[in-house]
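Working through the structure, step by step
Here is how the chains run, residue by residue.
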Amino acid sequence: MEFSKLITLRQSVRRYSDKPVESAKLTACLEAARMAPSASNSQPWSFVAVTEPGLAKKVAEATYDSIISFNKFVPEAPVIVALVIEKPKFITTAGSLIKDRDFSMCDNGIAAAHFCLQAAELGLGTCMLGWFNERKVKHLLDIPRKKRLSMLISLGYPPEEYKQREKIRKPFDEKVHYNQYKR
């Protein structure tokens, strides 16, 4: 698929069919994320792919509650992937401190984008989730207390009738500047 078509195709999917995700497709998405570039090649990530239905349901339930309900679609997803932030190389940690920039979070975002673009190419839908009960998810997945999660990603097939939404973006000239920032 042409890359320009792929980036137009990829969108957050908030409804999933009950069709299971094939192991080979999940592996391809995880491999795409693993191959993502990172600052000083630190690769500050691990991925926990939750494929067991009972566990996936419990993790999904940790993404919403009675007050915050916008992630209520997540239990429909047959797979949830947790991105664990791993300790980067010393040089990356030093650079993060000197520049006051969290390179590990940037790197995890790049890995997540690779995962989601690969999924879209394979006909799968994804949604990156930043709202979840981190303590509960870490407990469910046996992730050490001192580790942090950058995000969760829901993964599955959108239902056949799922409509591709038109991407609404602000005008190019409003978002892109050459040589200097324009107000």
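These notes cover the structure that comes with them. (Residues numbered from 1 in each chain as written. Predicted model: local features only at pLDDT ≥ 70, side-chain atom pairs only at ≥ 80, totals over all residues. Heavy atoms only, no water.)

**A few points about the nonpolar core**
Taken as a class, soluble globular proteins show a tendency for nonpolar side chains to be buried jointly. The criterion, for reference: To define a nonpolar core, start from buried Ala, Val, Leu, Ile, Met, Phe, Trp, Tyr and Cys residues and group those joined through side-chain atoms within 4.5 Å. Exposure classes here rest on a 1.4 Å probe applied to the protein chains alone. A residue is buried below 20% of its type maximum, exposed above 50%, and partly exposed in between. Strands are runs of DSSP state E lasting at least two residues, helices are runs of H or I lasting at least four, and both sets are numbered from the N terminus onward. In what follows, residue pairs with any heavy atoms lying within 4.5 Å of each other are defined as contacts.
Formed by 22 residues in total, the largest nonpolar core has its most connected members in Ile80, Val137, Leu141, Leu149 and Leu152. Of all elements in the fold, only helix H3 (53–61), strand E2 (79–85), strand E3 (125–129) and strand E4 (148–156) reach the threshold of two or more residues within this core. Beyond its immediate chain neighbours, meaning those up to four positions away, Leu141 contacts Val48, Val50, Leu55, Val59 and Ala82.

**Focus: the layout of surface pockets**
Gaps left between atoms show up when a probe the size of a water molecule is rolled over them. Defined as follows: In this analysis, the protein atoms alone were mapped onto a 1 Å grid. Cavities are point sets where a 1.4 Å probe fits without being able to get out; pockets are open sets with protein on both sides within 12 Å along at least five of seven lines; lining residues have an atom within 4 Å of a point. Grid points are joined across faces, edges and corners, and a volume is the space filled by probe spheres set on the points.
Put simply, the largest pocket is a space of about 200 Å³. Lining the largest pocket are 13 residues, with Leu9, Val13, Leu124, Pro158 and Gln164 positioned closest to its centre.

**Some thoughts on helix H2 (residues 23–34)**
Stated precisely, the cut-off is as follows: The span expected for a helix works out to 1.5 Å for each residue beyond the first. An arc is given here, and it is the one of the directions from the helix axis to the C-beta atoms.
Given a rise of 1.5 Å per residue, 12 residues ought to cover 16 Å, and the 16 Å separating the end C-alpha atoms of H2 matches this to within 8%. For H2, the full list of buried residues reads Leu26, Cys29, Leu30, Ala32 and Ala33. In a view along the axis of H2, the buried residues occupy a sector of 155°, so they form one face of it. Facing away from the buried surface of H2 by more than 90 degrees, the exposed residues are Ser23 and Ala24. Those residues of H2 hidden inside the fold are in contact with strand E1 (45–50), E2, helix H5 (103–121) and E4.

**Remarks on unusual backbone geometry**
The backbone of Ser40 shows a phi angle near 55°, a positive value even though the residue is not glycine. The residue Asn179 is not glycine, and still its phi comes out positive at about 75°. Along the chain, Asn179 turns up in the segment after helix H7 (172–175).

**Some points on the packing of H2 against H5**
Rules: Helix axes are fitted only over the stretch in contact, all axes being lines through C-alpha atoms; the angle between N-to-C directions runs from 0 to 180 degrees. Note on convention: the crossing is left-handed when the near helix lies turned anticlockwise from the far helix by less than a right angle, right-handed when the turn is clockwise. Side-chain classes are defined by residue name, with Ala, Val, Leu, Ile, Met, Phe, Trp, Tyr, Cys and Pro counting as nonpolar, Asp, Glu, Lys and Arg as charged, and the others, Gly among them, as polar.
With their axes 7 Å apart at the nearest point, H2 and H5 run at an angle of 145° to one another. Crossing geometry of H2 relative to H5 is assigned as right-handed. Together, Leu26, Ala28, Cys29, Leu30, Ala32 and Ala33 of H2 and Ala111, His114, Phe115, Gln118 and Ala119 of H5 make up the contact between the two elements. Looking at the contact of H2 with H5 residue by residue, the classes come out as 9 nonpolar, 2 polar and no charged.

**What to know about the environment of Lys25**
The topology assignment puts Lys25 in helix H2. Lys25 sits in the partly exposed class, given a relative accessible area of 23%. Distance from Lys25 to Phe172, taken between C-alpha atoms, is 34 Å for residues 147 residues apart in sequence. Not counting the four nearest positions on each side in its chain, Lys25 is found in contact with Leu122, Leu124 and Tyr157.

**Overview of the pattern of salt bridges**
To keep things clear, this is the line we draw: The salt bridge criterion pairs a side-chain nitrogen of Lys or Arg with a carboxyl oxygen of Asp or Glu, the two atoms within 4 Å.
Under the defined criterion, the tally for this structure stands at 5 salt bridges. Put simply, Glu161 and Arg15 hold a salt bridge, and the shortest N to O gap is 2.6 Å. Residue Glu161 is found in the loop between E4 and H7, and its partner Arg15 is found in the loop between helix H1 (3–9) and H2; the two are separated by 146 residues along the sequence. Residue Glu61 pairs with Lys57 through a salt bridge whose shortest N-O separation is 2.5 Å. Of this pair, Glu61 and Lys57 are both found in helix H3, 4 residues apart, which corresponds to roughly one turn of the helix.

By themselves, these figures tell us nothing about what the structure is for.
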